[in-house]
Amino acid sequence: MPGGQLIYAGVNIVLHALVVQLSIQKHNLTQLSSPKSASTAQAASLIHWRGLAGGGDHHVHGPPKVNFWQDPMSPSKWKEEHFVIVSLTGWGLLFYGGYKFFTKGNNNKKEEHLLYRSH
């Protein structure tokens, strides 16, 4: 078989596989969207399995997590979302406090009044 015919045969195989895959997906979609009531087992068999995708509950190992107000001195026991909220609030307060502390000595309002009066 010359090289051109070999490439042509390879492209045909790939296209055929693509058409088969698309027809299977179309069949699955029509099965799920059909008005007939399918059993749960049939519907579950048509939905693709999500290999290594993370599940909804990833806190199954270790001690149970608590709300931060139930044990405020142990951040390692807090729920993840509570830790994030408390941490971001703390950083925000730190930056705001630093801003207020370092700009406290600036008296820009008096300088503006003096500039307006001199003109």
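Notes on the structure in this doc start here. Counting starts from 1 at the beginning of each chain's written sequence and moves along it residue by residue. Per-residue local features of the predicted model are confined to residues with pLDDT of at least 70, and side-chain atom pairs are confined, for both listing and counting, to 80 or more; whole-chain, interface and lining totals are unaffected and use all residues. Processing note: side-chain calculations cover all non-hydrogen atoms of the structure and skip hydrogens and water entirely.

### Brief notes about the overall build of the chain
Then, in step 1: Secondary structure elements follow DSSP: runs of H or I no shorter than four residues count as helices, runs of E no shorter than two count as strands, and numbering proceeds from the N terminus. Across its full length, the chain holds 4 helices and 0 strands.
Then, in step 2: Beginning at the N terminus, the succession of helices and strands in the chain can be written as α-α-α-α.
Then, in step 3: Relative accessibility decides the category of a residue: with a 1.4 Å probe and only protein chains considered, values under 20% of the type maximum give buried, values over 50% give exposed, and everything between is partly exposed. With 119 residues in all, the chain has 5% of them scored as buried.
Then, in step 4: Here, Shrake-Rupley sampling with a 1.4 Å probe gives the accessible areas, and only protein chains in the shown set may cover a residue. Approximately 11200 Å² of the chain is accessible, and the part contributed by carbon and sulfur atoms is 66%.

### A word on a nonpolar patch on the surface
Then, in step 1: Residues forming no salt bridge and having over 30% relative accessible area are the ones grouped into patches, like charges within 9 Å of each other and nonpolar side chains (Val, Leu, Ile, Met, Phe, Trp, Tyr) within 5 Å. We define a salt bridge as a side-chain nitrogen of Lys or Arg found within 4 Å of a carboxyl oxygen belonging to Asp or Glu. A contiguous nonpolar surface patch, about 280 Å² in accessible area, is contributed by Leu15, Leu18 and Leu22.
Then, in step 2: Summarising the element assignment, leucine 15 is placed in helix α1 (residues 3-33).

### A short note on the pattern of salt bridges
Then, in step 1: Across all of its chains, the model carries 1 salt bridge by this definition.
Then, in step 2: The partner of aspartate 71 in a salt bridge is lysine 77, with the nearest N and O atoms 3.7 Å apart.
Then, in step 3: You can call lysine 77 partly exposed: its relative accessible area is 44%.

### Digging into the packing of aromatic side chains
Then, in step 1: When two rings of Phe, Tyr or Trp (its six-membered ring) have centres within 6.5 Å they constitute a pair, described as stacked for plane angles under 30 degrees, edge-to-face for angles over 60, and tilted for the intermediate range. Taken as a whole and assessed by the stated rule, the structure comprises 5 aromatic pairs.
Then, in step 2: An angle of 65° between the planes, with centres 5.9 Å apart, marks the rings of phenylalanine 68 and tryptophan 78 as edge-to-face. Separated by 10 residues along the polypeptide, phenylalanine 68 in the loop between α2 (40-46) and α3 (80-102) and tryptophan 78 in the loop between α2 and α3 bring together distant segments of the chain.
Then, in step 3: Residue classification places phenylalanine 68 among the partly exposed positions, given a relative accessible area of 29%.
Then, in step 4: Ring pairs connect the aromatic residues Phe68, Trp69, Trp78 and Phe83, which therefore count as one cluster.

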